[in-house]
Amino acid sequence: MGMKDQFKEKSEQLQERARQHGQHGQQGPQRPQGQPERGRERPPRDEESERTREREREDEERFDQDYDR
């Protein structure tokens, strides 16, 4: 099964689940007040890339220290 088929199948499953929940008057699970939405937990790209650069610098420094001794 190809990736497009998998995405299409998953989409159809989610749509069917939404229809079923709509018919029964049920809502999806409620998240506690103040908790971020899913997908909002990741830091913005700038912060993420800065952290990555910092890790790379630290790795390089450790490497240099290991081989300078």
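The structure under discussion appears in the preceding block.
Predicted model, so just to flag it, every value in this text is computed and none were measured.

A.B. asks: Help me understand a negative patch on the surface, please; the structure alone is not making it clear to me.
C.D. replies: A contiguous patch of negative charge, built from E56, E60, E61, D64, D66 and D68, is present on the exposed surface. Residue position: E61 is located in helix α2 (residues 45-68). Residue classification places E61 among the partly exposed positions, given a relative accessible area of 48%.

A.B. asks: Looking at this structure, I do not really get the pattern of salt bridges. What am I missing?
C.D. replies: It is possible for side chains bearing opposite charge to pair when their charged atoms get close. All chains considered together, the criterion is met by six salt bridges. With a shortest N-O distance of 3.7 Å, R57 and E50 are connected by a salt bridge. We classify R57 as partly exposed; its relative accessible area is 37%. Taking the relative accessible area as the measure of exposure, E50 reaches 36% and is therefore partly exposed. Of the charged contacts, one joins R62 and D59 as a salt bridge, the two residues approaching to 2.9 Å between their closest N and O atoms. Of this pair, R62 and D59 are both found in helix α2, three residues apart, which corresponds to roughly one turn of the helix. The exposure class of R62 is partly exposed, given its relative accessible area of 46%.

A.B. asks: Please explain the packing of aromatic side chains as it appears in this structure.
C.D. replies: Two descriptors summarise a pair of aromatic rings, namely the distance from one centre to the other and the angle between the planes of the rings. Using the criterion set out here, one finds one aromatic pair in the structure. Taken together, a centroid distance of 4.6 Å and an interplanar angle of 45° make the contact between F63 and Y67 tilted. With F63 and Y67 both in helix α2, this residue pair falls four residues apart, about one helical turn. Residue class for Y67 comes out exposed when judged on its relative accessible area of 62%.

Reading the values: the criteria
Residues numbered from 1 in each chain as written. Predicted model: local features only at pLDDT ≥ 70, side-chain atom pairs only at ≥ 80, totals over all residues. Heavy atoms only, no water. Patch = residues over 30% accessible without salt bridge, like charges linked within 9 Å, V, L, I, M, F, W, Y side chains within 5 Å. Areas by Shrake-Rupley, 256 points an atom, 1.4 Å probe, with all protein chains shown as cover. Salt bridge = Lys/Arg side-chain N within 4 Å of Asp/Glu carboxyl O. Lys, Arg positive; Asp, Glu negative; His and termini not counted. Charge placed at Lys NZ, Arg CZ, Asp CG, Glu CD. Helix = DSSP H or I, 4+ residues; strand = E, 2+ residues; numbered from the N terminus. Buried < 20%, exposed > 50% of the residue type's maximum accessible area, 1.4 Å probe, protein only. Phe/Tyr/Trp six-rings, centres within 6.5 Å; stacked < 30°, edge-to-face > 60°.

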